[in-house]
Structures are given as C-alpha cells and as structure tokens.
Amino acid sequence: MNYINHYPKHLQDQVQLLINEKKLGMYLQKKYPNKHNIKTDKALYSFVMEYKNEYLKKHQISKVLYDGKINDVSKALGTHTFVSRVQGGKLKAKNIIKVAKIFKDAPEEFLQMIVVHELAHFKEKEHNKAFYKFCSYMQKDYHQVEFDMRVYLLHLELKL
C-alpha cells in the first residue's frame with residue numbers, strides 16, 4: 001500500500017477491500033478500459049508536444065523518450081531534465097522528458113497524467129499549490145487520475 005499510504009484511511013480501506021475481494025483489476029479495467037497506442041519515442045514526443053504547444057508555448061523540448069532505467073516507480077514515474085551550457089557566446093538550453101517504460105502499456109489517462117506532471121515542472125519547479133493547480137488546468141481530473149494511477153501501480157505490484 002506504499003503507493004497510497006499518504007491518502008486518507010477510508011480510501012486505503014476501499015482499495016484494501018478491492019484487493020481482498022480480488023476485484024482491483026476489474027475496477028481499473030472498468031474505469032480505464034483502453035490502453036494507448038503510443039509505443040515509440042517518436043510517438044511519445046508527438047504526444048508531449050501537443051500538450052506543450054497548447055499550454056507552454058514558449059518552452060522548448062529537445063527530447064522525449066521512454067526510459068527503462070526509471071524502475072523505482074515509488075520515487076519517480078517520469079523525469080524532466082534542464083541542461084544549460086555555453087556554446088560560443090550563447091547559452092543553449094535542452095529540456096528532456098523521460099517517462100518510465102511501465103507506461104508503454106498503461107491506459108492513456110495515466111500516460112497523460114505523467115506528461116502533464118512533467119510539463120508542469122517547466123512552469124513550477126516545486127510540488128506546491130501552483131504546481132498542482134497548473135496540472136489540474138492541463139488535465140481536469142488530474143488528482144483522481146493520479147490516485148487511480150497509484151492504485152494501478154499497486155495492482156501491477158501485487159500481480160507479480
């Protein structure tokens with residue numbers, strides 16, 4: 001239950017009941033029946049750029065990819081990297097977004113939530129009120145999807 005241990009006890013109890021009744025998978029399948037078809041880094045880049053172009057026009061993204069090295073999902077589901085370097089007399093910046101490979105076969109809403117989360121870091125570095133407000137602006141049901149995604153990770157862990 002480590003993915004949801006900071007949520008209220010009544011929500012944890014509801015998830016535990018679904019686990020005990022072996023209905024967690026059915027709950028998730030019913031709520032998120034469709035997995036996305038964004039399987040390549042190129043397709044992921046296009047997916048991210050659609051959001052970026054709509055919500056963060058002035059920011060540039062150099063690279064977007066699925067990363068198999070992000071395997072400790074309890075700490076990170078995606079990463080954003082800002083690299084600045086001096087090239088000649090100019091300062092060049094590269095922004096890179098990496099998404100955990102586990103989301104290649106996840107429902108699209110979960111992938112969208114990770115992308116929205118990482119893009120929000122371009123505007124707000126810290127996980128503060130403004131950060132989550134911007135996440136909710138980009139994805140209206142952000143908080144519910146984040147919770148469900150954590151339940152999904154718990155489900156995947158229990159299946160192993």
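Residues numbered from 1 in each chain as written. Predicted model: local features only at pLDDT ≥ 70, side-chain atom pairs only at ≥ 80, totals over all residues. Heavy atoms only, no water.

*Asks:* So what's going on with helix α4 (residues 108-123)? Residues and values would help.
*Replies:* Taking 1.5 Å of rise per residue, 16 residues should cover 22 Å, and α4 covers 23 Å from first to last C-alpha, within 8% of that figure. The element α4 is extensively covered by neighbouring structure, given that 13 of its 16 residues are classed as buried. (Helix = DSSP H or I, 4+ residues; strand = E, 2+ residues; numbered from the N terminus. Expected span 1.5 Å × (residues − 1). Buried < 20%, exposed > 50% of the residue type's maximum accessible area, 1.4 Å probe, protein only.)

*Asks:* An account of the packing of aromatic side chains is needed here, citing residue identities and associated values.
*Replies:* The way to describe two aromatic rings as a pair is by their centre distance and the angle between their planes. Evaluated as defined, the whole model comprises nine aromatic pairs. Through pairs of rings, three or more aromatic residues link up here, namely F47, Y51, Y55, F134 and Y137. (Phe/Tyr/Trp six-rings, centres within 6.5 Å; stacked < 30°, edge-to-face > 60°.)

*Asks:* Pulling in residues and values, what's your account of helix α5 (residues 129-138)?
*Replies:* Of all the residues in α5, the buried ones are F131, F134, C135 and M138. Within α5, the buried residues cover an arc of 105° as seen down the axis, which keeps them to one side. In α5, the exposed positions angled more than 90 degrees off the buried face are occupied by K129 and K133. Buried residues along α5 sit in contact with α3 (41-55), α4 and α6 (142-159). Its side-chain oxygen at 3.2 Å from the backbone nitrogen of A130, N128 defines the N-terminal cap of α5. (Arc of directions from axis to C-beta. Contact = heavy atoms within 4.5 Å. Polar contact = N/O pair within 3.5 Å; in protein donor to acceptor, adjacent residues only side chain to side chain.)

*Asks:* An account of the nonpolar core is requested, with residue identities and associated values reported.
*Replies:* By size, the foremost hydrophobic cluster in this structure holds 45 residues, and its most contacted members are F103, L111 and L119. Broken down by element, this core gets its largest block of residues, nine residues, from α4. The contact partners of L119, leaving out residues within four places of it in the chain, are V48, Y51, K52, L56, I61, I97 and M138. (Core = buried A, V, L, I, M, F, W, Y, C linked by side-chain atoms within 4.5 Å.)

*Asks:* Got a sec to walk through the pattern of salt bridges? Specific residues and values, please.
*Replies:* All chains considered together, the criterion is met by five salt bridges. In this structure, K23 and E21 form a salt bridge, with 3.9 Å as the shortest nitrogen-oxygen distance. For K23, a relative accessible area of 37% corresponds to the partly exposed category. According to the relative accessible area criterion, E21 is partly exposed, its value standing at 41%. A salt bridge links K39 to D105, with the shortest nitrogen-to-oxygen separation between them at 3.2 Å. With K39 in the loop between α2 (24-31) and α3 and D105 in the loop between β3 (90-100) and α4, the pair connects residues that are 66 residues apart, well separated along the chain. (Salt bridge = Lys/Arg side-chain N within 4 Å of Asp/Glu carboxyl O.)

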